[in-house]
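In case you want the letters, here they are:
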Amino acid sequence: MKLITTIKDMQTEISKQKGLGKSIGFVPTMGFLHEGHLTLLSHARKENDIVVISIFVNPLQFGPSEDFSTYPRDFDRDSALAEAEGADYLFYPSVEEMYPHEPSVKVVVQERTDVLCGKSRPGHFDGVATVITKLFHIMMPTRAYFGKKDAQQVAVIDGLITDFHFPIQLAAVDIVREPDGLAKSSRNVNLLPEERQQATVLFKSLQMAKKAVDKGERSPARLSNLVSEVISNDSNGQIDYVEVLSYPQLKPLEKLAGTIIIALAVKFSKVRLIDNFIIHID
Ligand code: PAF
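Remember, it's a predicted structure, so these values are computed and weren't measured experimentally.

A. Molecular detail of the pairing of strand S5 (residues 143–147). In terms of burial, S5 is a largely internal element, four of the five residues being buried. Pairing of strand S2 (residues 24–29) with S5, which is carried by two bridges, proceeds in the parallel orientation. For phenylalanine 26, the partnering residue across the bridge sits in S5 and is alanine 144. Relative to strand S6 (residues 169–173), S5 runs parallel, the two being bridged by five bridges. Bridge pairing in S6 places arginine 143 opposite glutamine 169. Crossover handedness for the path S5 to helix H6 (residues 151–163) to S6: right-handed.

Right, dumping it as structure tokens:
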């Protein structure tokens, strides 16, 4: 695996590989890699000739109360993991390299951000879309890999690729789950033992919602009530939101039809968990 820290060197390598007719799989990350990232890398490895991972903690997507400086970082561990997963290049630029001056242009995301987690993080997805636009221009990947756990981010990137005509295939990778259904997350370790047990209710509530849809439920309100009730009855978690929306447009629905997302966020004593199901209804 080759470590690259400058945009110029990265572009030179990408041009060389593209000149040889190689497909490029790109996995953008902010580092502190966990199993979710490794799953993205393993998909990228199977589906492309060349795999590039970027590690860049992007200051633009942090709000004033979200601490950019204390975001966890462990470059040596990340580098070893990326190499073991078969990455060909690790792009690791500094903040000065990515933002040498105050940006004169930023990407503003107009849709898909006023719901779910975006509601409480104003400007967050503008920061994500800006850095991803820059990274897409540097990497010119054939495919870009994102986890469906952060379904709103996938929806925003889908809009970015479509609106800005990037010739890039969005590869949205399924949520990786524990044997009892809890979506894997590095935050799960912050659950107290009894909360870890209770947290399985998130998956259970989504499964029950899916069953209801399979049996013919078509009311978004009834579906979100069902999910909220199951969570409240079986856990001490505080529901932040349960939303049923069209996907990837993330618009409210009068009646369930087409592709929909049932998404939830629940706060436990030290950690807030998110999960979702994306369902296709004929
Ligand atoms: O999901 C993340 O880690 C970040 O939002 C991303 C996509 C790498 C952009 O900084």
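Now that the structure is up, let's keep going.
B. Expanded view of the pattern of salt bridges. For the structure shown, the criterion picks out 16 salt bridges. Between lysine 2 and glutamate 13 there is a salt bridge whose closest N-O contact spans 2.8 Å. One end of the pair, lysine 2, is in strand S1 (residues 2–4); the other, glutamate 13, is in helix H1 (residues 7–19), and eleven residues separate them in sequence. Note on lysine 2: relative accessible area 42%, which makes it partly exposed. When the shortest N-O distance is used, the salt bridge between aspartate 78 and arginine 77 registers 3.8 Å. Under the relative-accessibility criterion, aspartate 78 is labelled buried at 2%. Because the salt bridges share partners, they merge into one network encompassing Lys2, Glu13 and Lys16.

Definitions and cut-offs
Residues numbered from 1 in each chain as written. Predicted model: local features only at pLDDT ≥ 70, side-chain atom pairs only at ≥ 80, totals over all residues. Heavy atoms only, no water. Buried < 20%, exposed > 50% of the residue type's maximum accessible area, 1.4 Å probe, protein only. Helix = DSSP H or I, 4+ residues; strand = E, 2+ residues; numbered from the N terminus. Pairing = 2+ DSSP bridges. Right-handed = clockwise from strand over helix to strand, strands pointing away. Salt bridge = Lys/Arg side-chain N within 4 Å of Asp/Glu carboxyl O.

These results come straight from atomic positions and should not be treated as a statement about function.
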